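# Observations on the three-dimensional arrangement
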Amino acid sequence: MPTFWLVILLGVLAAAGYVLGRKRALASAGGDAKALHSLPGYYGYHVGLSVLIPALGLLVVWLLAQPMLIESRVSAMIPPEAVPESTSRSLVMSDVRRVSEGLDIAVDQGVLSNRDIRSMDIKETDLRTLLGDVGVALGAEVRPEVLDAARSYRTLSHRGQWAMVVSVLLVAIGGLGLSYRKSQKDFRARNVVERAIMALLITAASLAILTTVGIVLSMLFETRNFFGLHSWTDFFFGGTWAPNFRGDSDLSILPLLWGTLYISIIALIVAVPIGLFAAIYLSEYAGPAVRAFAKPLLEILAGIPTIVYGLFALLTVGPLLVRIFGQGENGILGVDWMSGATSVLTAGVVMGIMLIPFVSSLSDDIINAVPQAMRDGSLGLGATKSETIRQVVLPAALPGIVGAILLAASRAIGETMIVVMGAGAIAKFSLNPLESMTTITTRIVSQLTGDTDFASPETLVAFALGLTLFVLTLGLNVLALYIVRKYREQYD
Amino acid sequence: MTDISQTPSNMGRTEQTPKGGSLLTQNARTRKRNAAEMRFRAYGIAAIMVGLMMLLVLVTTIVSRGTGAFQQTFITLQVELLESKLDKKGNRNLEDIKKVTTFGYAPLVKGAMQTMVEDLGIETGLKSKDMAGLLSKNAVAQLRAYVLENPDQIGETVEFRFLAQSRVDGYLKGRVSRETIENDKNISPAQLDLVDALVAAGVIEKTFNIDFIIGSDASDQRPEAAGIGVSMMGSLFMMLVVLALALPIGVAASIYLEEFAPKNWLTDIIEVNISNLAAVPSIVFGILGLAVFINYMHLPMSAPLVGGLVLTLMTLPTIIISTRAALKAVPPSIRDAALGVGASKMQAVFHHVLPLAAPGILTGTIIGLAQALGETAPLLLIGMVGFIASNAPETLADGLLSPNSAMPAQIYEWAKRADPAFYERAWGGIIILLVFLVTMNTVAVILRRRFERRW
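Residues numbered from 1 in each chain as written. Chains lettered and ligands numbered in written order. Predicted model: local features only at pLDDT ≥ 70, side-chain atom pairs only at ≥ 80, totals over all residues.

## Some details on the interface of chain A and chain B
Counted only if it meets this: Contact criterion: two residues are in contact if their C-beta atoms, reconstructed from the backbone, are within 7 Å. Secondary structure elements follow DSSP: runs of H or I of four or more residues count as helices, runs of E of two or more count as strands, with numbering from the N terminus. Each residue gets one label: Ala, Val, Leu, Ile, Met, Phe, Trp, Tyr, Cys and Pro are nonpolar, Asp, Glu, Lys and Arg are charged, and the others, such as Gly, are polar.
Taken residue by residue, the interface counts 69 residues in chain A and 68 residues in chain B. Per-element accounting of the side of chain A that touches chain B gives the leading share, 20 residues, to helix α7 (residues 189–229) of chain A. Split by residue class, the side of chain A that touches chain B holds 47 nonpolar, 18 polar and four charged.

Set out below in structure tokens:
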């Protein structure tokens, strides 16, 4: 792991730089710290940062750019006729990477030497068994073009790695030398160091933007690939979801969207009344003792990981619902409407439980923000407390509560584990809440787990689904935040 | 509404007013209004009760169904390590002993089982193969490992504690009964009779099972041997990555936004961005991780490093939001005083504001970590599920880069398997996960109570 050691080495260089820079600055002032422009430590920091920042920056850029450059160089070497009809260039490239990885391991274990690899003739050597012996399984025989490409991939990667180590170290030593020479008593070390730290702070803050850009770009890119392979009209307006890994699938988002919305609606039907009434009671009626006891307990529900709710749905709520609505004569109601534990109702009810604290604490904040004068006015006119709440407080808080419900809805739409475990896997349009249905998030999980092939529409559709999900939840959030903010301004 | 608007319809009442209308007796209308008041209040109480009851049901379900995983059924057996089977040449050469596969150890276990049953004088029509069927498939492997470690014990009789197979374990825990095993190929009623007899003789007993907490996951066939220890290590390494990246980056970003950022469109965008990132579904971060870290950067699939990176991006908004709140709570007079005695703005922040905000930042970080620890969905997409990591990682690099699982992903994996014995494992795993979360949150609350200063 040369990169790891490189980073350690940079750290050591920076620490040495700190000591050297500090010493030289003090020496230039004849050992009298008062004669320096800045505190002596700043001269040390200056040298240390001059070693670290450019070198680490170069390292990161190199690590990001090298695979891309090598990939495109090697990919251009593969002649178009070497790409078989049924596959794509990216698949051939993944073969190339695997072979080159396998060759690396073989060299590490001493099975092959670098000279063997250079002189290897694919017609004479059985590379597939050879690599299989060192633990790299290949799907098919290695073709000569692939071996050639893998060879140059390997040499390029190795060369790139060494070039990286050398250039990063050169930059680090250069930074050390330059900043060491500058460490004189008149040098304004503090100002320079503070500017550098400021730059670091700004970089950290822009990482948030970078994440969003990363999310959008990565999904947009793969979604474009998906729409190149699959018609967008079928995705948005088709009626069936039937992925078929041999190709020719029906991939339409509509049945998934229906399942998602149906489950979310049931969740909201459970969560909104309970959460809202809990919030009203806690903020308007409950004394401080009840509030101090009930509020944190309710909020525990929000801190429980969703996997726990998922298990609860699958193993407790689902079988309970089957006992009530299924099993024919043996069931509680004596009807046979439900066959399996996974259903829209199972997932919806459990998700509703999860959302109760979400709705209640948001509405609680909002109800508390309604000015006391409005309540006092209403009570003074002779209204009872519940009349005040229904006719004065709630209408005043309504926009905020709508915002809270929208936020809860966005949570419900993006929730994954509960629906993966509780909702089932059948995509269909149905109004029966006792049937199992599937959602956008469950399909993303099922299309992207296991062996994924990034060239087939069945895998790439997950990115289109993800992008839709992202846009949907983002839209709901922005709308909700806008409503809440506007409402707050009204009474501030 | 008010009485005035209803006067026309209340003509009858207005005529009575001069006579009645005492404040001490309630008329029908007041009673109705008071009843509505009581109803409304009852709805509120009911809502809170429902919420708390859900919590209670959830906790009791977890505890009642999960505690079983911490106990396991063991069978104590005297096994004679026959030289004729294990070391035919009799020269105690380790290479030769290694050639005997687990298959070769099976007769020893069968024999030991038969001897034990005969010694106890239990009448049973079972063959020795079916008797040995009470043991876990792990037993022979355990025996072989012991012999390879202590080759000098060959020829002697050694006492072993073997795991019982999951049906026997389930029978002792009440999960399996004679009715439920009618179509079960793994166990027969006759075997259960033997189990009853052996329990009475004290050979089979249920004790605390430390292997569940420190052991590794096992294959589909051996639920009794599965443990959560290795995936706990996976979670630990992910948390290390999250802590090492999210804390410095989050604090740096918050310091900039709270202390230095000028009010302009760029900082506005950053702020809106952060509040939106906090609400992006976690699975979207998993897609990002798959596309960027695995597909583009070719980092290893299933590695805790990748999981940690994804969770870092997910936790960053939480940490930034709480750090900014902590920085905001430090009064401006502290900054003014520092600036007044000649500190630069940077010095005022790093020497005075940041130390005062540290407890708040720490609390927020712990809560963010707890959130990341329980997160499952993004881990499914980067492949931290669906395989068995058998050994605990030994070095830091190994822990970060070799495939592993994480606690919630392991629980999901168990919940997916068909054998109900794994469900008990899943609930047990949840107990451990919740113990971690409760501890972290308690530490956060204590830190806040102990160190938070109010100005």
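## A few points about the nonpolar core
Using the following cut-off: Linking buried Ala, Val, Leu, Ile, Met, Phe, Trp, Tyr and Cys residues through C-beta atoms within 7 Å yields a set, and such a set is a nonpolar core. Here a residue counts as buried when 20 or more other C-beta atoms fall within 10 Å of its C-beta, as exposed when 12 or fewer do, and as partly exposed in between; the C-beta atoms come from the backbone.
The biggest cluster of nonpolar side chains holds 187 residues, and the ones touching the most others in it are L311, V350, V359 and A408 of chain A. When residues no more than four places from it in sequence are discounted, the contact partners of A408 of chain A are L268, A271, L355, F358 and V359 of chain A. Core analysis: the next-biggest nonpolar cluster, separate from the first, contains 34 residues, V109, A139, V168 and L198 of chain B among them.

## Some words on the domain arrangement of chain B
The line we're drawing: Each domain's limits were defined by an automated method or a database of domain assignments.
If you check the domain split of chain B, you get domain 1 (4–66), domain 2 (70–220) and domain 3 (229–451). Between the C-alpha centres of domain 1 of chain B and domain 2 of chain B the distance comes to 66 Å.

## Digging into the confidence of the model for chain B
Interpretation of the predicted coordinates at a detailed level should be avoided for regions scoring low in pLDDT. Residue and element names in this part refer to chain B. Put simply, the rule reads: On a scale of 0 to 100, pLDDT captures the predictor's confidence in every residue.
Looking at chain B as a whole, the pLDDT averages 84, with 94% of positions reaching at least 70. Averaged pLDDT values for the elements of chain B fall to 48 in helix α1 (residues 11–16) and rise to 94 in helix α15 (residues 332–340). Every residue in residues 1–16 is under pLDDT 50, and counting partners more than four places away or in other chains gives two contacts.

## Overview of the sheet that holds strand β3 (residues 204–208) of chain B
Residues and elements named next belong to chain B. Which entries qualify depends on this criterion: Here a strand pair is declared whenever DSSP counts at least two bridges between the two strands. Simply put, an axis is a line fit to the C-alpha atoms, just over the touching stretch for a helix, and the angle between two N-to-C directions goes from 0 to 180 degrees.
What the three strands build is an open sheet, ordered β2-β1-β3; its pairing is antiparallel. Lying at the two open borders of the sheet, with one neighbouring strand each, are β2 (157–163) and β3. Ignoring strand direction, the axes of neighbouring strands in this sheet form an average angle of 40 degrees. Direction of pairing for strand β1 (residues 71–80) relative to β2: antiparallel, over a ladder of seven bridges.

## Concerning the environment of P273 of chain A
Position of P273 of chain A relative to the elements: it lies in helix α9 (residues 254–285). The spatial distance from the C-alpha of P273 of chain A to the C-alpha of S360 of chain A is 9.4 Å, given a sequence separation of 87 residues.

## Quick word on α7 of chain A
One turn of an α-helix holds 3.6 residues; hence residues three or four places apart share an orientation. Definition in use: Helices are assigned an expected span. That span is 1.5 Å times one less than the residue count. Values of bend correspond, residue by residue, to the angle between axes fitted over the seven residues ending at that residue and the seven starting there.
Here α7 of chain A is 41 residues long and its end C-alpha atoms lie 58 Å apart, about the 60 Å a rise of 1.5 Å per residue gives. The sharpest bend along α7 of chain A comes to roughly 30 degrees, located at L207 of chain A.

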